[in-house]
Structure formats: C-alpha cells, structure tokens
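Residues per chain, in single letters:
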Amino acid sequence: MKHLFSPTLSCLTHWARRWLTGRGATWRVALVLWLSHVPYLWLYYPGCWGFPDTESSVNHYFGYADFTTWLCGGTAAHPLCNHHPIVYTYLYGGLMRLGAWAGSVEVAVAAFLAVQAAVQAVLLAVGVVWMTRRLRTRATVVAVYALLPVFGMWSTLLLKDSVFALCTTALVLCLWRWARRMEGADTRRPWRLTVLTCGVLAAFMLSKNQCVYLVCLTALALPLLYGRRALLPAGLCVVWVAVYALFVGALPRMGVATSGPQEMLGTAFQQTARYVRYYPDEVRPEERAAIAAVLPYDSLAVLYDATNQDAVKFCYRRSATAAERRAYLRVWAAMGLRRPTCYAQSVWLGCRGYFVPTGHYTLFYPTHTYEAEHAALFPRRALWPSAPCGMAAWAGVPVVGWVVDMGFLIPLFVVCYVWAMWRRQRAVVLSFVPCALSVLVLVVSPVDGSFRYVMPIVWHLPLLCGAVCEARNRAQGRA
C-alpha cells in the first residue's frame, strides 16, 4: 500500500512546491484561489445581491427614500443617509447606473464580483505567503480556502460586509508588516508602509460604521504589545480616527443624514424590552415615564424578539433629547441591578448562535431571486434561478456539519487567538486584532446567527491557524 501511494504523494508534493513556493508564489496562489471561486460566480450568476442593505443603498442613489431614511431623520426630498455607509450608496448605485448605461446590469454586477473576488484572492495570497513558510502549512491553508465551499459562495455577494471583510484582510496584512518591522525583520524605510496604511485605514473606516471603534482599540493594542516602537502606526490610527470624525461631522452639510443613537443603544433597548415583557410589575411609574420618553413602552412586550433587536430599536423616538436619554440610561442601569440575569439572558439569546453549534444558522444562502421594492432598479435574470446551495443540509449533519457552522468556527477562532496570546506570538496577536474585536461585536450583534457578521472572522480563520502553526514551528526551531 505504501508503494502504491508513494508516486502520487511525490507528484502532489512536487506540484505544491512548484506552485506555492519560489518567485511569483503570491500570484500563483492568488490564481488558484480565484479559480476556485469561478464555479460559484457562474452558478449564482449574476450574483447574490438581493439584500435589504444593498437595496437601500441603491434606492438612495436614485432618489428613493426608505425606512432607513426616516431612521436617520432624513426626508423624501433628501433620502441620502449614513445608516449604511454612504460610500455604498455611490458604489452600488453607480454600478447599477453603469450597467444600465452599458446595456446589462447583470454583466456589470458579475464583472464587479469577479474583480472583488480577484482582489480578495490576491490579499489572501499575500497573507498566506507572508505568514506561512513551511510547505505543509501553506498547502493546507490554500487547500482550505480553495476547497471549502463557503469561501467561493461568499465571493458572489454584492454586500457591504463583503467589502468590510476585504478591508479587514488589508488591515490584517498592514498590521503584520508593522509587527515584523517592529521585531526587526524589516529594516527598510517605512514611508511606503505608512502611505499604504493610511489608505487601508481610510477604506476600513468607510466600509462600516463600527470600524472607527475598532481602529481606536487597535491603536491601544499597538503600544501595549510593542511599546514605543509602535508610536508611528498607533499615531496613524489616531490621526485617521480624527479625520473620520471630521468627515462624519461634515455629512449633514452635504445633505447626508447621520445614523441615530438607536444603533449604539440597541442592546440596552433589547434588555429593557425583555425586562418589561417578563417583569412588568416591577417597573416603577417614574421608570416607565423615563422609558416612554425614548421608546413606546406599551408596545415593548409585543415587539421583543429574543434573536433580533431591530423591532425594538427601530421604534426609538428621534425626538428624545440628550437629557431624556441620560434619564433612560439611569433607569436601565437600576433595572439591571435588580434583575442582572434578565439582562444576561437578553445578551446571550441574542448571540448564542455565534458561539454554540446548533446547525440552525447557515453561512450562506442564495438571494438572486429577491423581489426588490423598486424592481426597475434591479432587473435581475439569474442564469440558474433554482441553483442549489446545500449549506443548510450540511450544517444540520451532527459533528460533520460543524465545518460550516458559525457556532463552531467562531469558538475555534477564539481558541486559536487565545493560544497565540498565551504563547506570546505578538505578531499574530496584533495582526488579527481587528478580527478578534469583531468577535466581541458579535456579543452585541443586532441579529443572532447572521452570516454577514461572521464574515470578517471566518474569512481569516485559516490564515490565523496557519500563522499560529508557523510561529510555533519557528519557536521550536529556535529552541
């Protein structure tokens, strides 16, 4: 048996060494990853873009107001808002207009997704080549990216979270280069890396509203891990946070309504709604008045959904003043002290699917047959309207389905990251700080079990595992 498989193994090893190492390895790896996504781009042609977030951005571009417009205080005459980052309004709306001008929106979307998949493949290939040296480790990481269907399926999404995941990859790579430089592995002048980091930080913060907070925490992590050597990259983070704050402050003057406080207070609102539903007799009259100033108190018990904050937080009264919000927060804290388990259950039930394998939440579902509110803006003709997915069936298989179950993959990421921290692999810890912070965001996620929110984490899980193994091998080699 050994002699039977030896020629095959030798051939595979020779092929892997030829393609995955040496000069030009980055481009060859990128080609392999991109080609592995092409079948999914064809199967779900022109792409999966029937998401409310994408539809909302396109609607605003063409002058149609929707629910997010009212949430941000906009009007029918001025529908632009930053509930979904304003950059997507012009990116996706401009893409639809370009497709209509060229004669085919479907072709324009398919071409955009192919380019997006190519950029993600190149970034991941750079990460694989930078973070893994041993052939076995590199080949394993590439094989996971190429063969696990979820990555190919995600390449078909015309969705802001796809761009967010791509920008996260770019930031991970920048942090890796800064870490290697601070460890003395790169002695070149940092001006190129500085310019690149500035561009990546700008794109990262524009890709999602929460990213400014992730950059702030990354700026804190840099000196904690590398001391004074990290002053330059940490300073860049601080500068671009200030620039982003100025940009958001200028949006109203440009006719763009900014996102309301309900997004930040979503978890608190959800906890209040649970308390009102299960312990209404314990709410005092003055507490009820404080809650009613910011939320429709009499409707909270009905609106409460343990796995989704939207029904409650979207009923926030935009007329509430800062003083009324402060009064509500004092009441919220007092109620939490009386019933801490109620608040804890509210948080847990809102994020349980991310941390416990259940088989109920899939990592992908096709949406190329979604019915838009303004159908003329979305003239989609799917090549295969009934294209199969199979992700739900796979996730439902006990144990075997864990491979595509976010409830298993997110804890696996946490274990790998904690291992890197315990082994003091500072370069790995720093590089994947944005992904680790995204895990914390899941705890206060507005929706339980949504694959959109795990994309920046799961996209980088194979890369993290490879980097951890490579750092362990280097440590053993030095020993």
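Values in this document were obtained by computation on a predicted structure and should not be read as measured data.

Peer 1: Would you mind showing me how to read the overall build of the chain here?
Peer 2: The helix and strand inventory of the chain stands at 25 helices and zero strands. By the compact-globule yardstick of 23 Å for 479 residues, the chain fits well, its C-alpha radius of gyration being 24 Å. A principal-axis box enclosing the C-alpha atoms of the chain has dimensions of 80 × 55 × 50 Å. Sequence separation of 24 or more characterises 76% of the internal contacts of the chain that already satisfy a separation of 6 or more. Surface accessibility of the chain: about 22,300 Å² in total, with carbon and sulfur atoms responsible for 66%.

Peer 1: Help me out: how do you make sense of the nonpolar core in this one?
Peer 2: What tends to happen in soluble globular proteins is that the nonpolar side chains get buried as a cluster. Among the nonpolar cores identified, the biggest contains 114 residues, and W154, L157, F413, V428, F432 and V454 are the most heavily contacted of them. In terms of residues, this core owes the most to one element, helix 9 (residues 160-182), which gives 15 residues. Not counting chain neighbours up to four residues away, the residues in contact with V428 comprise W176, Y417, A420, L464, A467, V468 and A471. Ranked by size, the runner-up nonpolar core spans 22 residues in total, among them Y275, V276, Y297 and V331.

Peer 1: How should helix 14 (residues 285-292) be read in this particular structure?
Peer 2: By the burial criterion, the buried members of helix 14 are E287, A290 and I291. The buried residues of helix 14 occupy an angular sector of 100° when projected down its axis, which confines them to one face. Opposite the buried face of helix 14, at more than 90 degrees from it, the exposed residues are P285, E286 and A289. Along its buried surface, helix 14 packs onto helix 13 (266-278), helix 15 (300-303) and helix 17 (322-338).

Peer 1: Just to check I follow, could you spell out helix 11 (residues 211-226) for this structure?
Peer 2: Residues spaced three or four apart along an α-helix face the same direction, because each turn holds 3.6 residues. Between its terminal C-alpha atoms helix 11 stretches 22 Å, which fits the 22 Å expected from 16 residues at 1.5 Å a residue. Taken together, the buried positions of helix 11 are occupied by C211, V212, L214, V215, T218, A219, A221, L222 and Y226. Buried residues belonging to helix 11 abut helix 9, helix 10 (191-207), helix 12 (231-250), helix 22 (426-431) and helix 23 (433-443). Once helix 11 finishes, G227 follows within two positions and takes phi at roughly 65°, a positive value.

Peer 1: Got a minute to help me understand the environment of V238 in this structure?
Peer 2: Along the chain, V238 falls in helix 12. Using a relative accessible area of 52% as the deciding quantity, one classes V238 as exposed. Considering only alpha carbons, one finds V238 and P398, 160 residues apart in sequence, at a separation of 46 Å.

Peer 1: Is there a simple way to think about the pattern of salt bridges in this case?
Peer 2: Close approach of charged atoms allows side chains of opposite charge to pair. Scanning all chains against the criterion turns up 10 salt bridges. E183 is the partner of R180 in a salt bridge, and the nearest nitrogen-oxygen pair spans 3.4 Å. By relative accessible area, R180 is classed as partly exposed at 24%. When the shortest N-O distance is used, the salt bridge between D310 and K313 registers 3.7 Å. A residue pair is termed a helical-turn pair when its members lie 3 or 4 positions apart in one helix, as D310 and K313 do in helix 16 (residues 310-313) at three residues. Where salt bridges share partners, they join D53, K160, D161, K208 and R452 into one cluster.

Peer 1: When you look at a positive patch on the surface in this model, what are you seeing that I'm missing?
Peer 2: A surface patch of like charges, here positive, comprises R134, R136, R423 and R472. For R134, the location among the structural elements is in the loop between helix 6 (105-131) and helix 7 (135-147).

Peer 1: Which parts of the structure should I look at to understand the packing of aromatic side chains?
Peer 2: When we look at a pair of aromatic rings, we describe it by the centre distance and by the angle of the planes. For the coordinates displayed, the defined rule picks out 21 aromatic pairs. Seen in terms of ring centroids, Y92 and F112 are 6.3 Å apart; in terms of plane orientation they differ by 85°. Their pairing is edge-to-face. Of this pair, Y92 sits in helix 5 (residues 86-102) while F112 is found in helix 6, placing the two residues 20 residues apart along the sequence. The class for Y92 is buried, based on a relative accessible area of 1%. Consider the rings of Y275 and Y279, whose centres lie 5.7 Å apart with planes at 55°: the pair is tilted. The exposure class of Y275 is buried, given its relative accessible area of 0%. On the basis of relative accessible area, Y279 is assigned to the partly exposed category, the value being 22%. Connected via pairs of aromatic rings, a cluster forms that spans Y145, F151, W154 and W459. The positively charged end of R177 is found above the aromatic ring belonging to W130, 4.6 Å away from the centroid. Lying across the ring of W422, R423 places its NZ or CZ 5.5 Å from the centre.

Rules and cut-offs
- Residues numbered from 1 in each chain as written.
- Predicted model: local features only at pLDDT ≥ 70, side-chain atom pairs only at ≥ 80, totals over all residues.
- Heavy atoms only, no water.
- Helix = DSSP H or I, 4+ residues; strand = E, 2+ residues; numbered from the N terminus.
- Rg over C-alpha atoms; globule rule 2.2 N^0.38 Å.
- Contact = heavy atoms within 4.5 Å.
- Areas by Shrake-Rupley, 256 points an atom, 1.4 Å probe, with all protein chains shown as cover.
- Core = buried A, V, L, I, M, F, W, Y, C linked by side-chain atoms within 4.5 Å.
- Buried < 20%, exposed > 50% of the residue type's maximum accessible area, 1.4 Å probe, protein only.
- Arc of directions from axis to C-beta.
- Expected span 1.5 Å × (residues − 1).
- Salt bridge = Lys/Arg side-chain N within 4 Å of Asp/Glu carboxyl O.
- Patch = residues over 30% accessible without salt bridge, like charges linked within 9 Å, V, L, I, M, F, W, Y side chains within 5 Å.
- Lys, Arg positive; Asp, Glu negative; His and termini not counted.
- Charge placed at Lys NZ, Arg CZ, Asp CG, Glu CD.
- Phe/Tyr/Trp six-rings, centres within 6.5 Å; stacked < 30°, edge-to-face > 60°.
- Lys NZ or Arg CZ within 6 Å of the ring centre and 35° of its normal.

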